[in-house]
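# Tertiary structure, described
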Amino acid sequence: MGRIIGHEKALKRLERAVEQARLAHAYLFAGPDGLGKKLVALRFACMLNCPDRTEDEDWSCPVCRRIGEGKHPDVTLDEPERGMIRIERIREMHRFFKYAPIEGAYRVAIIDDAHLMNRQAQNALLKTLEEPPSNRALILVTAKPARLLPTVRSRCQRISFQPLPLEPLAEFLVERLNIPTEKAQSLAALGNGSVGRALEIHGRNYAELKDLMMDLLLQPGKEGIRALLESAIRISSDREAALDAIEIGATIIRDMIFHKMELDESDFIHRDSLDRISLGAQHQGYEELLAVYEELSRASELIESEINVNRNLVVDVMLLKAVRALAGPGMGAVQEARRGTR
Ligand SMILES: [Zn+2]
């Protein structure tokens, strides 16, 4: 089981509710992905069911560990299967709630990615929410609360989760991944304050993608058109990698703009590459940089929103436009190739 990083306020609020025995029947844990909402939900199940109330950071208490591992008879965790939570699972949950707790004090059902309940499932869930039995707690965990029916949302007590402050997140990443502080700081910023996201980016050839984007954007046109198109193939081979590469690119451009604005070093994301960024920014004007930034955002939106988009083509055009804007009109071959892709 993982360690909970941050979320002291949410934990305190839940703890107090348990101590004062003022519990809601249903909770909505809402906030961006990768913050540890599910982990907090499991910890809440521990607060409700573990006789030993002391904080247990490493899940060493046997009762809590069984809750965390899904082996406690009074706690269930539902997750979507093939992108959906179907009505059958909600019916199972009704049955689970029908019986009193066996071992602990509360029966707790956690539904992760609750927005993936289809409409039937949500309507079935309303039944539980309308006639909540006592000593039961339902926790809906979601990054997209707006996709839940208003009638479902309004029956839950909402606990909001915010992105983590970057410093504690970076400290955690240094410890967990054994990486230098500067790299951890840039990962924390790239992950927008989400532990899960930062770990994901790290796991996905982050260093390789970053080198590639640095070369493309800081020394535009140096490698020639063939190398550029080869890079496009590498970047677009996988949807998540493409989105990562574009995000890394956007943060490099952002740092270049910040450099031109003479902002403080602490505002930079790629603090480990300041020399290269300042060198690359010297030859660029604001307008070019903003145009590239927009181009990157547009490409990422396309890839994110459209299922059948030709990723390779989107990345090709994006890189060609970016390099042309940054390398200037002298990049004739690139200009020609760009016309060709239209
Ligand atoms: Zn315990």
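Relevant structure appears above.
A few points on the structure. Keep in mind that this is a model prediction, so the values were computed, not measured. (Residues numbered from 1 in each chain as written. Predicted model: local features only at pLDDT ≥ 70, side-chain atom pairs only at ≥ 80, totals over all residues. Heavy atoms only, no water.)

With that settled, the discussion passes to the pairing of strand β4 (residues 136–142). Counted residue by residue, β4 has seven buried out of seven residues, so it is predominantly covered. By the alternation rule, side chains of β4 split into Arg 136, Leu 138, Leu 140 and Thr 142 and Ala 137, Ile 139 and Val 141, which are all buried. Two strands pair when backbone bridges link them, and strand β1 (residues 26–30) and β4 are joined in this way by five bridges, in the parallel orientation. Bridged to Leu 28 within β4 is Leu 140. Pairing of strand β3 (residues 107–111) with β4, which is carried by five bridges, proceeds in the parallel orientation. Following the sheet pairing, Ile 111 is matched in β4 by Leu 140. Assessed by its sense of winding, the connection that carries the chain from β3 through helix α5 (residues 119–130) to β4 is right-handed. (Buried < 20%, exposed > 50% of the residue type's maximum accessible area, 1.4 Å probe, protein only. Helix = DSSP H or I, 4+ residues; strand = E, 2+ residues; numbered from the N terminus. Pairing = 2+ DSSP bridges. Right-handed = clockwise from strand over helix to strand, strands pointing away.)

So, on to the coordination of the zinc ion. Working reference: metal with six octahedral donors, ideal angles 90 or 180 degrees; metal with four tetrahedral donors, ideal angle 109.5 degrees. The zinc ion binds to the protein through Cys 50 (SG), Cys 61 (SG) and Cys 64 (SG), with metal-donor distances spanning 2.1 to 2.2 Å. Here the donor residues of the zinc ion are spaced in sequence according to C-x10-C-x2-C. With Cys 50 in the loop between α2 (37–49) and α3 (62–68) and Cys 64 in helix α3, the pair connects residues that are 14 residues apart, well separated along the chain. We classify Cys 50 as buried; its relative accessible area is 5%. Judged by its relative accessible area of 3%, Cys 64 falls in the buried class. (Donors = N, O, S within 2.8 Å, 3.2 Å for Na, K, Ca; no water.)

This part is about empty space enclosed by the protein. Throughout the structure, instances matching the rule amount to one cavity of 30 Å³ or more. Taken as a whole, the largest cavity spans an internal volume of roughly 50 Å³. Sorting the residues of the lining of the largest cavity by element identifies α5 and β4 as the ones contributing at least two each. Taken together, the residues of the lining of the largest cavity sort by class into six nonpolar, two polar and one charged. (1 Å grid on protein atoms, 1.4 Å probe; cavity = no way out; pocket = protein on both sides within 12 Å on 5 of 7 lines; lining within 4 Å. Points joined across faces, edges and corners; volume = space filled by probe spheres on them. Nonpolar A, V, L, I, M, F, W, Y, C, P; charged D, E, K, R; others polar.)

Our next topic: the nonpolar core. Counting 54 residues, the largest nonpolar core has Met 213, Ile 235, Ile 253 and Leu 319 as the members making the most contacts within it. It is helix α12 (residues 239–260) that contributes the most residues to this core, eleven residues altogether. If near-sequence neighbours (up to four positions away) are discounted, Met 213 is found in contact with Leu 218, Ile 235, Ala 245, Ile 248, Gly 249, Ile 252 and Leu 319. Counting 34 residues, the second-largest nonpolar core is a separate cluster that includes Ala 10, Tyr 27, Val 75 and Val 141. (Core = buried A, V, L, I, M, F, W, Y, C linked by side-chain atoms within 4.5 Å. Contact = heavy atoms within 4.5 Å.)

Looking now at a positive patch on the surface. Taken together, Arg 91, Arg 95, Lys 98 and Lys 127 make up a surface patch of like positive charges. Here the element with the most residues in the positive patch is helix α4 (residues 87–98); it accounts for three residues. Tracing the backbone through its elements, the reader meets Lys 98 in helix α4. Its relative accessible area of 62% is what places Lys 98 among the exposed residues. (Patch = residues over 30% accessible without salt bridge, like charges linked within 9 Å, V, L, I, M, F, W, Y side chains within 5 Å. Areas by Shrake-Rupley, 256 points an atom, 1.4 Å probe, with all protein chains shown as cover. Salt bridge = Lys/Arg side-chain N within 4 Å of Asp/Glu carboxyl O. Lys, Arg positive; Asp, Glu negative; His and termini not counted. Charge placed at Lys NZ, Arg CZ, Asp CG, Glu CD.)

Now for helix α10 (residues 206–218). Along its 13 residues, α10 runs 17 Å from first to last C-alpha, staying within 8% of the 18 Å computed at 1.5 Å per residue. Of all the positions in α10, only Tyr 206, Leu 209, Lys 210, Leu 212, Met 213, Met 214, Leu 216, Leu 217 and Leu 218 are classed as buried. (Expected span 1.5 Å × (residues − 1).)

What follows concerns the packing of aromatic side chains. Scanning the entire structure with this criterion turns up four aromatic pairs. Plain terms: the ring middles of Phe 258 and Phe 268 are 6.3 Å apart, the flat faces sit at 85° to each other, and that makes the pair edge-to-face. With Phe 258 in helix α12 and Phe 268 in the loop between α12 and α13 (274–282), the pair connects residues that are ten residues apart, well separated along the chain. The exposure class of Phe 268 is buried, given its relative accessible area of 5%. Over the face of the ring belonging to Trp 59 we find Arg 43, whose NZ or CZ atom lies 4.3 Å from the ring centre. (Phe/Tyr/Trp six-rings, centres within 6.5 Å; stacked < 30°, edge-to-face > 60°. Lys NZ or Arg CZ within 6 Å of the ring centre and 35° of its normal.)

One open sheet holds the five strands; their spatial order is β2-β3-β4-β1-β5, and the pairing between them is parallel. For this open sheet the edge positions go to β2 (75–78) and β5 (157–160), each flanked by a neighbour on one side alone. The average angle at which neighbouring strand axes cross in this sheet is 20°, direction not considered. α2 contacts β1, β2, β3 and β4 of the sheet and is inclined by roughly 170° relative to β4. (Axes fitted to C-alpha atoms, helices over the stretch in contact; angles between N-to-C directions.)

Further remarks concern the environment of Ala 325. Mapped onto the fold, Ala 325 is located in helix α15 (residues 311–327). As a C-alpha pair, Ala 325 and Leu 290 span 35 residues in sequence and 9.9 Å in three-dimensional space. Beyond its immediate sequence surroundings of up to four residues, Ala 325 is in contact with Gln 284, Glu 288 and Val 292.

To continue, consider the packing of α10 against helix α11 (residues 224–236). Here α10 crosses α11 at 150°, and the two axes come no closer than 11 Å. What the angle tells us is that α10 and α11 run roughly antiparallel. In this structure, α10 crosses over α11, and the sense of that crossing is left-handed. Side by side, α10 and α11 meet where Glu 208, Leu 212, Met 213 and Leu 216 of the first sit next to Leu 228, Ser 231, Arg 234 and Ile 235 of the second. Looking at side-chain class alone, the contact of α10 with α11 contains five nonpolar, one polar and two charged residues. (Parallel < 35°, antiparallel > 145°, perpendicular 65-115°, else oblique. Left-handed = near helix turned anticlockwise from the far one by under 90°.)

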